[in-house]
Amino acid sequence: MKKKLLALILSTAMVFSLTACGAADSTGTTEPEVKEEETEAKAPQEDAGEKTTIKIGMAWAILDDGQTNLTNAIKACFEENYPDYEIEATLTNADGDISKLIDDVESLIATNPDMIYIMNSVGDSGIIPAIDACVDAEIPVGIGVAVEGGANYTYIYEGFSQYACGEMQANYMESIYDESMEYKVACITGDPGSTAGADRTAGFIENFVDKHDNVEVVIEGEGNWSTDDSQKLADDWLISKPEINVIACVNDDEAQGVINACKAAGREDVIILGIDASDVGRGNVESGDQAASVAINFYGVASACAQAMIDCALGNLDSNEVKLTTENLDLIARE
């Protein structure tokens, strides 16, 4: 029987009980074995005396520090919450290359998994060929960031607002706002094909920059979620726009690149903002190199993500309900 195509959009902070992921710690160090794909796979089937086997393909666009924590927590949730199943999860990492992400999905399709989940944090509508390939192969597909265009999905679960992440950065700036100061802001967004970075930047600009006459965005650029790319931007900006005293980034890896550039330029006056509160980001906030980050509850996310993957693989997702929350976001700021 042809499998019913079920797609799910899972942004990174769905509200589920943290106790469901008790096996994972805050550093994401708990990591059940990820098994190699078999030559021939079968749909979920339980033999006498054996666990039901579910094969899940996990195609990640980029495995940065935050996504690594999320991935470890998802795998921990598989083991903790689904003891009656033998879950074989195969993870790929496209390192930010949309072409490789599509190739990775094609490789996963060849293993005949029960579902494929694409964490498309880069590329946006560029992943539609990968989604279409899953449709053609009659494999249920989930995606991790909403796409614009003709993506063929029927189930949407949006667990948190990317916009709200930027809004929380704005809240931090409001907490230190000085009406006598001139704020010259630079914004480093994600990549040109992704809506996530643009939404985070918009949340910051609309809730801080646009509200004050003494705050101005002097330059914007795409850091591609990358430390190296963001450092190159900041290196140039600190020379061409020396008046910059605030740099808002869409993740902590980008913020690390800005920190590197500021240190090289001898600039200690720049307020640097990140998002994700990854290990890198938390360390930089604690050291004082970074002013603030926005923490996403990866383990609430992981529990929801794991459940949705299993339900998708078993054919139990049949709702088109849209769910949206801004919970599970916390501001992490230096004193």
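Placed above this text is the structure.
For the structure given in this document, a descriptive report is provided here.

Calculation criteria
- Residues numbered from 1 in each chain as written.
- Predicted model: local features only at pLDDT ≥ 70, side-chain atom pairs only at ≥ 80, totals over all residues.
- Heavy atoms only, no water.
- Buried < 20%, exposed > 50% of the residue type's maximum accessible area, 1.4 Å probe, protein only.
- Helix = DSSP H or I, 4+ residues; strand = E, 2+ residues; numbered from the N terminus.
- Pairing = 2+ DSSP bridges.
- Axes fitted to C-alpha atoms, helices over the stretch in contact; angles between N-to-C directions.
- Core = buried A, V, L, I, M, F, W, Y, C linked by side-chain atoms within 4.5 Å.
- Contact = heavy atoms within 4.5 Å.
- Parallel < 35°, antiparallel > 145°, perpendicular 65-115°, else oblique.
- Left-handed = near helix turned anticlockwise from the far one by under 90°.
- Nonpolar A, V, L, I, M, F, W, Y, C, P; charged D, E, K, R; others polar.
- Salt bridge = Lys/Arg side-chain N within 4 Å of Asp/Glu carboxyl O.

1. Quick look at the pairing of strand S5 (residues 183–189)
The buried fraction of S5 is high, at 6 of 7 residues. As defined by bridge partners, S5 adjoins strand S6 (residues 215–222) across 7 bridges and the pair is classed as parallel. What sits directly across from cysteine 187, in S6, is glutamate 220. By the bridge criterion, 4 bridges tie S5 to strand S7 (residues 246–249) in an arrangement that is parallel. Its bridge partner lying in S7, isoleucine 188 is registered against cysteine 249.

2. Some points on the sheet that holds strand S1 (residues 52–60)
The 4 strands are arranged S2-S1-S3-S4 in an open sheet whose pairing can be described as parallel. Across the chains shown, the open sheet's two edge strands, defined by having one partner strand only, are strand S2 (85–93) and strand S4 (141–143). With direction set aside, neighbouring strand axes in the sheet form an average angle of 20°. Looking at chain direction, strand S3 (residues 115–119) and S4 are connected through 3 bridges and run parallel. Bridged to tyrosine 117 within S4 is glycine 142.

3. Some points on the nonpolar core
Within the largest apolar cluster, 33 residues are counted, with the highest numbers of intra-cluster contacts made by Ile56, Met58, Ile74, Phe78 and Met309. Taken together, the elements giving at least two residues each to this core come down to S1, helix H1 (65–81), S2, S3, helix H4 (162–175), strand S9 (292–296) and helix H9 (298–314). Among the elements that make up this core, the one with the highest residue count is H9 (10 residues). Beyond its immediate stretch of four places on either side in the chain, isoleucine 56 contacts Phe78, Ile87, Glu88, Ala89, Thr90, Met115, Met309 and Ile310. Listed in part, the 21 residues of the second largest apolar core include Ala61, Leu101, Leu108 and Val141.

4. Focus: the packing of helix H6 (residues 227–240) against helix H7 (residues 252–265)
At a minimum axis separation of 7 Å, H6 and H7 run at an interaxial angle of 40°. Between H6 and H7, the angle is such that the two are oblique. Like other packed secondary-structure pairs, H6 and H7 cross with a definite hand, here right-handed. Two secondary-structure elements touch here, H6 through Thr227, Ser230, Gln231, Ala234, Asp235 and Leu238 and H7 through Asp253, Glu254, Gln256, Gly257, Val258, Asn260, Ala261, Cys262 and Ala265. Residues that form the contact of H6 with H7 fall into these classes: 6 nonpolar, 6 polar and 3 charged.

5. Concerning the packing of H7 against helix H8 (residues 279–287)
Helix packing for two helices is described by the angle between their axes and how far apart those axes are. Where H7 contacts H8, the axes come no closer than 8 Å and their chain directions differ by 45°. Classified by the interaxial angle, the pair formed by H7 and H8 is oblique. Pair H7 / H8 crosses with left-handed handedness. Counting all contacts with H7, which are made through Asp252, Gln256 and Ile259, the residues of H8 involved are Val280, Gly281 and Asn284. Here the residues of the contact of H7 with H8 are counted per class, giving 2 nonpolar, 3 polar and 1 charged.

6. A few points about the pattern of salt bridges
Proximity of charged atoms lets side chains of opposite charge pair with each other. If you walk through the whole model with that rule in mind, you get 5 salt bridges. In this structure, the salt-bridge partner of aspartate 289 is lysine 263, at a minimum N-O distance of 3.1 Å. Here lysine 263 lies in helix H7 and aspartate 289 lies in the loop between H8 and S9, a separation of 26 residues in the sequence. A salt bridge links arginine 267 to aspartate 269; the shortest N-O distance between them is 2.7 Å. Overall, arginine 267 belongs to the buried group, its relative accessible area being 18%.

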